Amino acid sequence: MRKTRTQIMMLNLIKIAQDNGEPELEKSYWNTYYCQQNLVSVNGRFYGKYCKNRFCSLCCSIRKADMINRYKPVMEKWKEPYFLTLTVKSCSARNLSKYIAKFIQGITRIIAKHRKRYQRGNGIKLVGVRSLECNFNPKYKTYNPHFHIITKDRKTAEILLREWLKLWTPKFAKRPAQNIQPVRDLENGLIEIIKYGSKIFTEADLKEKARVKKTVYIYLKALDTILTAMKGKRIFDRFGFDSPQQTTHKQIKPQLLLNYDEWEYNPELTDWQHVLTGETLSGYILPPSLKAILENNINTTLV
Ligand SMILES: [Zn+2]
């Protein structure tokens, strides 16, 4: 299912990248198209080649689980975690890259400034995690980049908020547009922070809209704009503490495999198929309504 949706989406993005003359992006889209195209199964476990692109929903779900496992134990020790959303006035497609560069540069400088103060014995160490997201407003065709931040305590959140408003000035950043509140549910907060990329096309959205049978428009052109602006940027980062240990991935030990099966993804069957027997892997059939939505209602003309 995820695989099918990703492939349909990628074919459209590939076309946009071709139209825009972005060969590098086009290549990344193809990598995602072929993400886990071939699987090898050994004793009921599956292994595939991952594209690791941030717009790949297959890779994102794996990455999300991995990051929650790594960060949750650290953050559970924080006594007073706070949730902070920092944003500015929405901007046009043309200005998005500039805005995103300033977002990252700005937060980095604020954190560095307070780190120096702390080292001089003057002030507190800012501790937290942050992720950059961008929403698209189809009505006004504007983009709204924003940071989701979880801080160790209230004080850190207040300092960041104050510095953010000062950095952008009231012309771009108004206090009511920002959000600061205690974290009530750490796991949910963390999931919110980690699902980076863009909110234009989320599974939840799709499920919701498919259920109410409303027309779903997928603003791929806008998504392409966001991905282009975020390319090479660090979307998720931590500050004030060391990187938690990477959870060890179980890999196939280098050994001669005699007893394995090979599967290849077949888009027509929306399933992986055994290369020798033709047997399908999940037996999953894409619901016709969802298939129609994905094939017909993709809006690539906007912006
Ligand atoms: Zn992938």
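Conventions and cut-offs
- Residue indices follow the written sequence of each chain, beginning from 1 at its first position.
- Predicted model: local features are reported for residues with pLDDT of at least 70 only, side-chain atom pairs are reported and counted for 80 or more only, and whole-chain, interface and lining totals are derived from all residues.
- Put simply, DSSP H or I for four residues or longer makes a helix, DSSP E for two residues or longer makes a strand, and each gets a number counted from the N terminus.
- Labels follow a simple rule on C-beta atoms placed from the backbone: if 20 or more others lie within 10 Å of a residue's own, it is buried; if 12 or fewer, it is exposed; otherwise it is partly exposed.
- Paired strands, in this sense, are two strands between which DSSP finds at least two bridges.
- Where helices are involved, their axes are fitted lines through C-alpha atoms of the stretch in contact, as for all axes, and angles between N-to-C directions lie from 0 to 180°.

Undergrad: Even after reading the chapter, I still don't get unusual backbone geometry, so can you show me in this structure?
TA: You will see that Lys-141, though not glycine, has its phi angle at about 55°, which is positive. With respect to the secondary-structure elements, Lys-141 resides in the loop between β4 (128-137) and β5 (142-151). A positive phi angle, near 65°, is found at Thr-169, a position not held by glycine. Take Thr-169: it is sitting in helix α5 (residues 154-172). Residue Thr-169 is classed as exposed on the basis of its 9 C-beta neighbours within 10 Å.

Undergrad: Even after reading the chapter, I still don't get the sheet that holds strand β11 (residues 271-274), so can you show me in this structure?
TA: Neighbouring strands of a sheet are bound in pairs by backbone hydrogen bonds; such pairs are parallel or else antiparallel. Taken in spatial order, the four strands of this open sheet run β2-β1-β10-β11, and their pairing is antiparallel. Unpaired on one side and paired on the other, β2 (45-48) and β11 mark the two borders of the sheet. On average, each strand axis in the sheet is tilted by 35° relative to the strand beside it, whichever way the strands run. With four bridges joining them, strand β10 (residues 261-266) and β11 adopt antiparallel strand pairing. Bridging from a neighbouring strand, Asn-266 pairs with Asp-271 of β11.

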